[in-house]
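Breakdown of the fold
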Amino acid sequence: MKNIKIMGYDHGTNFAGWATMRNGKPIDIGIKDFTQIDMPFVLTEIYTDTFRLLEQEKPDVLVLERPVHFQNANSVIALVGAFTSVTMAALDLNIRIEHLRPTDIKNLTGKGNADKDVVAQEMQMRFGLDYDELAVPVLYKVDSKKGRKGEVKDRLFDPSDALALCCAYNDKLRGAV
């Protein structure tokens, strides 16, 4: 079990983050953008894209966050659809799937109620990675009149969450949790 390759995948229908880890060390992280594809067609794209990523990365185990709460019916449909698409891709490639609760990830910070920024900071400190790679900045559109060129409007925490999934599962394997 020591040398297994773990892939964490933070699924979503707009953005999805992924990360790989071996022996407690990150290998690669990334983000997928599905914002230009409408429901339900995005579900096919998520499946296809995830299938290709899994074929390329060849993880021994895929770790997903167990869906637990939703704000509205559309969120349920979207998130469960994305979760199912990712799960089906892994099953079709005979890749073992593990599920973690959101609190398993937040507990990496020592706080069971940590927000996504705190989790990203923890991943940055643990592994010395660039914060902008973990929490991808979304910039305001270039507008010289408003002076918003290059200012950070928001962040996409999907890569950080995916790395945290790897980390939490790796800790679980080692018996640290």
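Description of the structure in this document. All of these numbers come straight from a predicted model, not from anything done at the bench.

**Comments concerning the packing of helix H1 (residues 41–57) against helix H2 (residues 73–92)**
Put simply, H1 and H2 touch, their axes get as near as 8 Å, and they point 35 degrees apart. Where H1 crosses over H2, the two elements pack in a sense that is right-handed. Residue-level inspection shows Leu-43, Ile-46, Tyr-47, Thr-50, Phe-51 and Leu-54 of H1 in contact with H2, the latter providing Gly-81, Ala-82, Ser-85, Val-86, Met-88, Ala-89, Ala-90 and Asp-92. Of the residues contributing to the contact of H1 with H2, the split by class is ten nonpolar, three polar and one charged.

**Regarding the sheet that holds strand E2 (residues 15–22)**
Spatially, E3-E2-E1-E4-E5 is the arrangement adopted by the five strands of the open sheet, whose pairing is mixed. This sheet does not close on itself; its edge strands, each paired only once, are strand E3 (25–33) and strand E5 (96–100). Neighbour-to-neighbour, the strand axes of the sheet open up by a mean angle of 20 degrees, direction not taken into account. Strand direction decides the pairing type here: strand E1 (residues 5–10) and E2, joined by six bridges, are antiparallel. Bridging across to E2, Met-7 finds its partner in Thr-20.

**Some thoughts on the pattern of salt bridges**
Under the defined criterion, the tally for this structure stands at nine salt bridges. For the salt bridge of Arg-96 with Glu-98, the shortest nitrogen-to-oxygen distance reads 3.3 Å. Across the pair Arg-155 and Asp-132 runs a salt bridge, and its minimum N-O distance is 2.8 Å. With Arg-155 in strand E7 (residues 152–156) and Asp-132 in helix H5 (residues 131–134), this pair connects stretches of sequence that are 23 residues apart. Under the relative-accessibility criterion, Asp-132 is labelled partly exposed at 36%. Taken together, the shared-partner salt bridges in this structure form one network comprising Glu-122, Arg-126, Asp-171 and Arg-174.

**With respect to the environment of Phe-157**
Residue position: Phe-157 is located in the loop between E7 and helix H6 (158–174). Residues Phe-157 and Gly-17, spaced 140 residues apart in sequence, show a C-alpha to C-alpha distance of 7.8 Å. Among all residues touching Phe-157, those that are not within four sequence positions of it are Lys-116, Asp-117, Ala-120, Tyr-131, Leu-134 and Ala-135.

**Quick look at the packing of helix H4 (residues 116–127) against H6**
It is the contact of H4 with H6, at a shortest axis distance of 9 Å, that shows an interaxial angle of 65 degrees. In this structure, H4 crosses over H6, and the sense of that crossing is left-handed. Residue-level contacts link Lys-116, Val-119, Ala-120, Met-123, Arg-126 and Phe-127 of H4 to Ser-160, Asp-161, Leu-163, Ala-164, Cys-167 and Asp-171 of H6. Within the contact of H4 with H6, the residues separate by chemical class into seven nonpolar, one polar and four charged.

**Examining the packing of aromatic side chains**
Under the counting rule described, the total for this entry stands at one aromatic pair. With centroids separated by 5.9 Å and ring planes inclined at 35 degrees, the aromatic side chains of Tyr-47 and Phe-51 adopt a geometry described as tilted. Highlighted residues: Tyr-47 and Phe-51, both in helix H1, separated by four residues, approximately one helical turn. For Tyr-47, a relative accessible area of 24% gives the class partly exposed.

**Here's the deal with the state of the cysteines**
Counted according to the given criterion, the structure contains zero disulfides. Between Cys-166, a free cysteine, and Cys-167, which holds the nearest cysteine sulfur, the sulfur-to-sulfur gap is 8.3 Å. The buried category is assigned to Cys-166, whose relative accessible area is 0%. Residue Cys-167 is classed as buried on the basis of its relative accessible area, which comes to 3%.

Thresholds, definitions, all that
- Every chain is numbered independently, its residues counted from 1 as its sequence is written.
- This being a predicted model, a pLDDT of at least 70 is required before a residue's local features are given, and a value of 80 or more before pairs of side-chain atoms are given or counted; all residues contribute to the totals for chains, interfaces and linings.
- For the side-chain quantities, the full set of heavy atoms in the structure was used; hydrogens and water were omitted.
- Between N-to-C directions, angles span 0 to 180 degrees; the directions come from axes that are lines fitted to C-alpha atoms, helices contributing only their stretch in contact.
- Numbering of helices and strands runs from the N terminus; a helix is a DSSP stretch of H or I covering at least four residues, while a strand is a stretch of E covering at least two.
- Take the far helix as the reference: if the near one is turned anticlockwise from it by less than a right angle, the crossing is left-handed, and if turned clockwise, right-handed.
- The contact rule is simple, with two residues in contact once any of their heavy atoms fall within 4.5 Å.
- All residues other than Ala, Val, Leu, Ile, Met, Phe, Trp, Tyr, Cys, Pro, Asp, Glu, Lys and Arg, Gly among them, are scored as polar; the first ten of these are nonpolar and the last four charged.
- Two strands pair under a simple rule: DSSP has to find at least two bridges between them.
- Salt bridges are defined as contacts in which a side-chain nitrogen from Lys or Arg sits within 4 Å of a carboxyl oxygen from Asp or Glu.
- Accessibility here uses a 1.4 Å probe with only protein chains present; expressed as a share of the type maximum, an area under 20% marks a residue as buried, one over 50% as exposed, and anything in between as partly exposed.
- Pairing of aromatic rings covers Phe, Tyr and Trp, the last counted by its six-membered ring, and requires centre-to-centre distances within 6.5 Å; plane angles under 30 degrees mean stacked, over 60 mean edge-to-face, and any other angle means tilted.
- For this text, the term disulfide refers to a pair of cysteine sulfurs within 2.5 Å.

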